[in-house]
Amino acid sequence: MKTVAGIVLGVLLVAAIIFGAIIHGKYSDTKEALLISEKNSSELNGKVTQLTEEASSLEEKIRKREAGLRDLGNVHKRVSELEDTLKAKDQRLAEFQKELSLAKGDLERERKAEEALRAQLNTKETAAVELQGKLRVSESRVLALEQDSASQRDRIRELRDQLSDLEGEKAGVEGKVGQLETTYKALIADLKDQIEKREVTIESFEKRISVSFVDRILFDFGKETITPEGREVLQKVGEILKGVQGRQIRVIGHTDDIPILPRYRYRFPSNWELSGARAAAVVRHFEKRTGLDPRNLEIVGRSFYHPVAGNETADGRSQNRRVEIIIAPMLK
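Residues numbered from 1 in each chain as written. Predicted model: local features only at pLDDT ≥ 70, side-chain atom pairs only at ≥ 80, totals over all residues. Heavy atoms only, no water.

Points about the overall build of the chain
For the chain, the count of helices and strands is six helices and five strands. Ordering the α and β elements of the chain from the N terminus gives α-α-α-β-β-α-β-α-β-α-β. Buried positions account for 22% of the 332 residues belonging to the chain. Long-range pairs, those at least 24 residues apart, make up 67% of the contacts in the chain with a sequence separation of at least 6. Accessible surface for the chain amounts to roughly 24000 Å². Of this, 57% is attributable to carbon and sulfur atoms. (Helix = DSSP H or I, 4+ residues; strand = E, 2+ residues; numbered from the N terminus. Buried < 20%, exposed > 50% of the residue type's maximum accessible area, 1.4 Å probe, protein only. Contact = heavy atoms within 4.5 Å. Areas by Shrake-Rupley, 256 points an atom, 1.4 Å probe, with all protein chains shown as cover.)

Put into structure tokens, the structure is as follows:
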């Protein structure tokens with residue numbers, strides 16, 4: 001029994017040893033596994049911590065991105081606003097460029113105007129320089145005049161005296177003009193019938209009167225003797241001329257261009273002699289019958305060289321055969 005018990009005990013002991021060994025092996029493995037597990041757990045904890053940190057970082061980045069996305073929406077809105085602003089600025093730029101183009105045109109015109117003004121300024125400056133030179137000359141002359149003021153005062157007195165004389169002469173001339181106008185009106189009135197018959201023409205000029213008689217009222221054809229009707233008309237004219245003072249009375253004879261007939265050539269070889277003889281007959285009448293001062297009378301014969309009409313017709317030749325009386329200023 002003891003042997004069996006010993007065996008059993010030995011077996012149990014061996015079993016216990018074996019079981020212990022097994023348990024010890026398993027324990028060692030478990031411990032090692034536990035150490036590995038702890039190590040892994042630590043590593044996992046580190047990774048969890050790292051992942052947690054990374055998750056926190058990602059969450060922060062997500063929050064930032066979300067904020068960024070919100071900002072991006074604002075940015076898009078701002079971009080749209082900026083695009084609208086840019087379009088407005090582009091439109092304004094186009095308008096500005098147009099205005100700039102117009103301004104350049106205005107500037108060019110202004111530049112040309114300025115050049116013209118500068119040219120005018122240069123001209124005026126040149127003229128100013130010339131005027132300054134003239135002014136200096138004038139100042140020199142004024143100085144000379146001031147130095148010679150006494151003689152100038154005498155000259156002024158002399159000029160005043162001359163002015164007074166001229167005013168007197170003017171009054172005389174005005175009187176003569178009035179006298180001439182009175183003479184003209186009297187001639188018109190006294191010779192009204194002859195003027196209406198176109199036998200007499202009277203013209204008034206600034207300082208003289210012209211009275212023209214066609215020859216038939218004063219002379220027979222080809223003769224120089226005054227007819228009775230002619231003496232009556234000349235007497236009217238002479239009485240008016242008596243009132244004329246300080247005037248030359250010039251009597252001018254005119255003829256047509258028809259040559260003198262042979263039977264009259266012994267007295268008038270040409271129209272020169274006939275025109276002069278008729279003027280002389282009128283002057284003799286004024287001197288002898290009217291009593292005009294012969295010193296104021298003058299005879300002129302002009303033949304047919306001063307016609308007033310054509311000599312191709314009888315009417316034209318009749319107008320050219322005339323005696324003209326000119327009342328004019330005295331010849332000096």
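Resuming the write-up.
Examining the packing of aromatic side chains
In this structure the tally under the stated criterion is two aromatic pairs. Three or more aromatic residues joined by ring pairs make a cluster, and in this case those are W272, F304 and Y305. Seen from the ring of F205, R208 lies directly overhead, with NZ or CZ sitting 4.3 Å from the centre. (Phe/Tyr/Trp six-rings, centres within 6.5 Å; stacked < 30°, edge-to-face > 60°. Lys NZ or Arg CZ within 6 Å of the ring centre and 35° of its normal.)

Notes on the nonpolar core
Grouped together as the largest cluster of nonpolar side chains are 30 residues, with contacts concentrated most on L187, V211, F213, V282, F286 and I325. Secondary structure elements with two or more residues in this core: α2 (149-190), β1 (200-204), β2 (209-214), α4 (228-241), β3 (247-254), α5 (271-290) and β5 (322-329). Among residues more than four places away in sequence, those in contact with I325 are I209, S210, V211, F213, L234, V237, I249, R250, V251, V282 and F286. (Core = buried A, V, L, I, M, F, W, Y, C linked by side-chain atoms within 4.5 Å.)

A few points about the sheet that holds β3
Here five strands make up an open sheet; going across it, the order is β1-β2-β5-β3-β4 and the pairing mixed. Single-partner strands in this sheet number two, and they are β1 and β4 (297-301). If you compare each strand with its neighbour and ignore which way they point, the axes differ by 15° on average. Inspection of the sheet shows β3 paired to β4 by five bridges, in the parallel sense. Bridging across to β4, R250 finds its partner in E298. Sitting on the sheet, α5 is in contact with β3, β4 and β5, with an inclination near 165° to β4. (Pairing = 2+ DSSP bridges. Axes fitted to C-alpha atoms, helices over the stretch in contact; angles between N-to-C directions.)

It is worth stressing that arrangement in space is one thing and function is another; only the former is reported here.
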